[in-house]
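Remarks on the overall topology
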Amino acid sequence: MNAAMDPSGNENPLEPRIVVLISGTGSNLKALIESTRAPGHPGRIVAVGANRPEAGGLGVAEQAGIETFVIDHTTYKDRASFDAELLRKLEALNPDAIVLAGFMRILTPDFVRHFRGKLINVHPSLLPKYQGLKTHQRALDAGDAVHGTSIHFVTEELDGGPIIAQAEVPVLDNDTPETLAARVKAREHVLYPIILRWFCEGRIALGNDEVLFDGAPIPQVLSLPADAYQ
Ligand code: GRF
């Protein structure tokens, strides 16, 4: 982790610096803010960025007194120029962790390589199933009995980086994409903060092409006991 300098000089310079990127409502962001503020948490969310000025999560961050920034992708001529600006902004923030929490932009390979090992994403399916969009609808259409969410390192392969952890939810007979999404998010709000905490503690890291936990490759994707979600 960085020994990050803080311009105000009054924060712990050894605290891992977290930047969260969002595009939407920010319910995961809210859970991450609350958890990082618990006593003893090693990390600190230093900024929240969005690619959409109307992202509801910006208000969540502002209410929590966290710096926000918007880089509106619609004002950039192409993906590469948007990513170059995002990279420049992130570099200035000197992050140890870049946490994608409902950030709905595909990042260029150059960007992803630059921040290798620091970029983490939450994807609402049991990867490798249902990469991409409309995951809840696709799980319903397929008649799946079980659905869920995955937290993974971001690599150049879209939704294809090494999976750190997963949580399952049952699919119920009368589920709609919305009810299923809500059940999945409830899991994310517990799992994502724990994974981020372990990452900030240096327990989770990206190896060559695998996830390391306490320095050793994980034999299987991490999961929490059921009572962690109660
Ligand atoms: C989450 O379900 C996450 O898995 C997906 O986008 C959703 C973001 O929700 N990538 P929120 O903005 O955190 O409420």
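Above: the structure in question.
Conventions we followed
Each chain has its residues counted from 1, following the order in which its sequence is written. Totals for whole chains, interfaces and linings use every residue, but because this is a predicted model, local features are given only for residues with pLDDT of at least 70 and side-chain atom pairs only at 80 or more, for both listing and counting. Side-chain descriptors were evaluated using all non-hydrogen atoms of the structure, hydrogens and water having been removed beforehand. Note on pairing: two strands pair once DSSP finds at least 2 bridges between them. A run of H or I in DSSP becomes a helix once it reaches four residues, and a run of E becomes a strand once it reaches two; helices and strands are each numbered from the N terminus. Geometry is summarised by axes, namely lines fitted to C-alpha atoms with helices restricted to the contacting stretch, and by angles between N-to-C directions that run from 0 to 180 degrees. Points on a 1 Å grid over protein atoms alone make up a cavity when a 1.4 Å probe fits among them but cannot get out, and a pocket when they form an open set with protein on both sides within 12 Å along at least five of seven lines; lining residues each have an atom within 4 Å of a point. Grid points are joined across faces, edges and corners, and a volume is the space filled by probe spheres set on the points. Classification convention: Asp, Glu, Lys, Arg as charged; Ala, Val, Leu, Ile, Met, Phe, Trp, Tyr, Cys, Pro as nonpolar; all other residues, Gly among them, as polar.

1. Quick look at the sheet that holds strand β7 (residues 163-170)
- Sheet architecture is open: seven strands sit in the order β3-β2-β1-β4-β5-β6-β7, paired in mixed fashion. Lying at the two open borders of the sheet, with one neighbouring strand each, are β3 (68-70) and β7. Neighbour to neighbour, the strand axes of the sheet diverge by 20° on average, direction disregarded.
- Across three bridges, strand β2 (residues 44-50) lies against β3 in parallel orientation.

2. Focus: the layout of surface pockets
- The volume enclosed by the largest pocket comes to roughly 950 Å³.
- Lining of the largest pocket is provided by 39 residues; of these, Gly102, Phe103, Met104, Val122 and Pro124 occupy positions nearest its centre.
- Contributing elements (two or more residues each) for the lining of the largest pocket: α1 (27-36), α4 (109-114), β5 (119-123), α5 (135-141) and α6 (177-200).
- Considering each element in turn, the lining of the largest pocket owes the most residues, four residues, to α6.
- By residue class, the composition of the lining of the largest pocket is 16 nonpolar, 15 polar and eight charged.

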